Amino acid sequence: MPVGRSNKWSAWLDLSQSVSGVFLAIFLWTHLILVSSILFGADAMAWVARTMELSFLSDDGHGYPWVVTVIAIAVGVLAAIHVLVAMHKLPLSLKQQKALNKQMHVITHGETGLWRWQAITGVVILLLLPVHLWLIGTAPETIGPQGSADRIWNQGVWLVYLPLLITVEVHAAIGIYRVLLKWGVMADMQTREKLKKGKTIASVLFVIIGLASLAAFWPHAS
């Protein structure tokens, strides 16, 4: 492949990775906020679930659970695209991994460390996210205070949701930070340090909200 075409292809992959990552991060945080409605009680979450299912458009007010399935499929496709375009930067060969480990021991570089954590969390998400999407996509009618509580606590799905919660929040916050860095939003080191702190605060805050939401489902588990 000619050099010019190769550079254009690499630039397109970088742009696709950034755009898909930003969309996924926005969806993730929106999704977590909606799920956290359980903190305000079963009625609040039931209302959110019905609204997401477009209950206001149905004659009986029950909505269309298949909307959740469509959303799950769309998220899965977008996540697959994000993974595929991100793989061109991962050290997939043993030689590349050894070179990266050597560099990490010789040069202590914060940005490289963040990239490595993003890669590690990305692998965990790749394993756990399909399980989550399958569970809600194949049984959308169970989305709600009782159904979700039963799935999380009685069926033991918290074993998937807990590590998924932590890894996606870390991954998303680092990803947004690196997108801002990549596309030149951070003009100086002072701004960069502030955004680094903001990244950490966002991760911790959303993890706390997620943990509180998981705990709030417990009383509704039958």
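Bear in mind the structure is a predicted one, so any value in this text is a computation, not a measurement.

Asks: Can you help me understand the overall build of the protein in this one?
Replies: Within the protein, the secondary structure is distributed over eight helices and zero strands. Seen in sequence order, the protein has helices and strands lined up from the N terminus as α-α-α-α-α-α-α-α. Of the accessible surface of the protein, which amounts to about 13300 Å², a share of 71% is contributed by carbon and sulfur atoms.

Asks: Looking at this structure, how should I read the side chain of glutamate 53?
Replies: Examined against the element boundaries, glutamate 53 turns out to sit in the loop between helix H2 (42–52) and helix H3 (66–86). Buried and unpaired, glutamate 53 has arginine 50 as its nearest opposite-charge partner, separated by 7.7 Å. Apart from the residues within four sequence positions on either side, glutamate 53 is in contact with His62, Gly63, Tyr64, Pro65, Val67, Val68, Pro140 and Ile143.

Asks: Looking at this model, I keep getting lost on helix H6 (residues 145–154). Mind explaining?
Replies: Along an α-helix, a turn takes 3.6 residues, which lines up residues three or four apart on a common side. Along H6, the residues classified as buried are Pro145, Ser148, Ala149, Arg151 and Ile152. Viewed end-on, H6 has its buried residues packed into an arc of 165°, placing them on one side of the element. Positive backbone phi, at 75°, marks glycine 156, one or two positions downstream of H6.

Asks: Just to check I follow, could you spell out the packing of aromatic side chains for this structure?
Replies: The relative placement of two aromatic rings is captured by the distance of their centres and the angle of their planes. Inspection of every chain in the model, using the stated rule, returns four aromatic pairs. Consider the rings of tryptophan 29 and phenylalanine 206, whose centres lie 5.4 Å apart with planes at 10°: the pair is stacked. Within this pair, whereas tryptophan 29 is found in helix H1 (residues 3–35), its partner phenylalanine 206 is found in helix H8 (residues 189–217), the two being separated by 177 residues in sequence.

Asks: Would you take a moment to explain the environment of leucine 211 for this structure?
Replies: Locating leucine 211 in the fold gives a position in helix H8. Classification of leucine 211 by relative accessible area gives partly exposed; the value is 38%. Not counting residues up to four positions away in its chain, the partners in contact with leucine 211 are Leu162 and Leu165.

Asks: Please explain unusual backbone geometry as it appears in this structure.
Replies: Most peptide bonds take the trans form, and the phi angle of most residues other than glycine is negative. Of note, the phi angle at leucine 54 is positive, near 60°, even though the residue is not glycine. Its location among the elements puts leucine 54 in the loop between H2 and H3. Leucine 54 gets classed as partly exposed once you look at its relative accessible area, which sits at 27%.

Asks: Is there a simple way to think about a nonpolar patch on the surface in this case?
Replies: Residues Leu15, Val19, Phe23 and Trp183 make up a contiguous nonpolar surface patch of about 410 Å² in total accessible area. Following the sequence through the fold, phenylalanine 23 ends up in helix H1.

Asks: What am I meant to see in the nonpolar core here?
Replies: Inside soluble globular proteins, nonpolar side chains tend to come together where they are buried. Counting 27 residues, the largest nonpolar core has Tyr161 and Phe217 as the members making the most contacts within it. Those elements giving two or more residues to this core turn out to be H1, H3, helix H5 (110–138), H6, helix H7 (158–182) and H8. It is H7 that provides the largest number of residues to this core, a total of six residues. Ignoring anything within four residues of it in the chain, the contact list for phenylalanine 217 reads Val35, Ile38, Met45, Gly144, Pro145, Ser148, Ala149, Ile152 and Trp153.

Asks: When you look at the packing of H7 against H8 in this model, what are you seeing that I'm missing?
Replies: For any two helices packed against each other, the geometry is given by the interaxial angle and the distance between the axes. Following both chains from N to C, one finds H7 and H8 inclined at 160°, their axes separated by 9 Å at the closest point. Relative to H8, the element H7 is oriented roughly antiparallel. Where H7 crosses over H8, the handedness of that crossing is right-handed. Contacts between H7 and H8 pair Tyr161, Leu162, Leu165, Ile166, Glu169, Val170, Ala173, Ile174, Tyr177, Leu180 and Leu181 from the former with Arg192, Leu195, Lys196, Lys199, Ser203, Phe206, Val207, Gly210, Leu211 and Leu214 from the latter.

Asks: Honestly, the confidence of the model for the protein in this entry has me stumped. Any pointers?
Replies: Caution applies to low-pLDDT regions: their predicted coordinates should not be interpreted in detail. Across the protein, pLDDT averages 85, with 84% of residues at or above 70. Per-element confidence in the protein is highest for H6, whose mean pLDDT is 95, and lowest for helix H4 (residues 94–106), whose mean pLDDT is 52.

Asks: Looking at this model, I keep getting lost on the side chain of serine 55. Mind explaining?
Replies: Relative to the assigned elements, serine 55 resides in the loop between H2 and H3. Ignoring sequence-local partners within four residues, the contact set of serine 55 consists of Arg50, Gly61, His62 and Gly63.

Asks: Would you mind going over H2 with me for this structure?
Replies: Listed in full, the buried residues belonging to H2 are Met45, Ala46, Val48 and Ala49. Looking down the long axis of H2, one finds its buried residues gathered within 160° of arc, a one-sided arrangement. Facing away from the buried side of H2 by over 90 degrees, the exposed positions are Asp43 and Trp47. Directly after H2, the chain includes leucine 54, whose backbone phi takes a positive value near 60°.

Cut-offs used in this document
- Residues numbered from 1 in each chain as written.
- Predicted model: local features only at pLDDT ≥ 70, side-chain atom pairs only at ≥ 80, totals over all residues.
- Heavy atoms only, no water.
- Helix = DSSP H or I, 4+ residues; strand = E, 2+ residues; numbered from the N terminus.
- Areas by Shrake-Rupley, 256 points an atom, 1.4 Å probe, with all protein chains shown as cover.
- Buried < 20%, exposed > 50% of the residue type's maximum accessible area, 1.4 Å probe, protein only.
- Lys, Arg positive; Asp, Glu negative; His and termini not counted.
- Salt bridge = Lys/Arg side-chain N within 4 Å of Asp/Glu carboxyl O.
- Contact = heavy atoms within 4.5 Å.
- Arc of directions from axis to C-beta.
- Phe/Tyr/Trp six-rings, centres within 6.5 Å; stacked < 30°, edge-to-face > 60°.
- Patch = residues over 30% accessible without salt bridge, like charges linked within 9 Å, V, L, I, M, F, W, Y side chains within 5 Å.
- Core = buried A, V, L, I, M, F, W, Y, C linked by side-chain atoms within 4.5 Å.
- Axes fitted to C-alpha atoms, helices over the stretch in contact; angles between N-to-C directions.
- Parallel < 35°, antiparallel > 145°, perpendicular 65-115°, else oblique.
- Left-handed = near helix turned anticlockwise from the far one by under 90°.
- pLDDT = per-residue confidence, 0-100.

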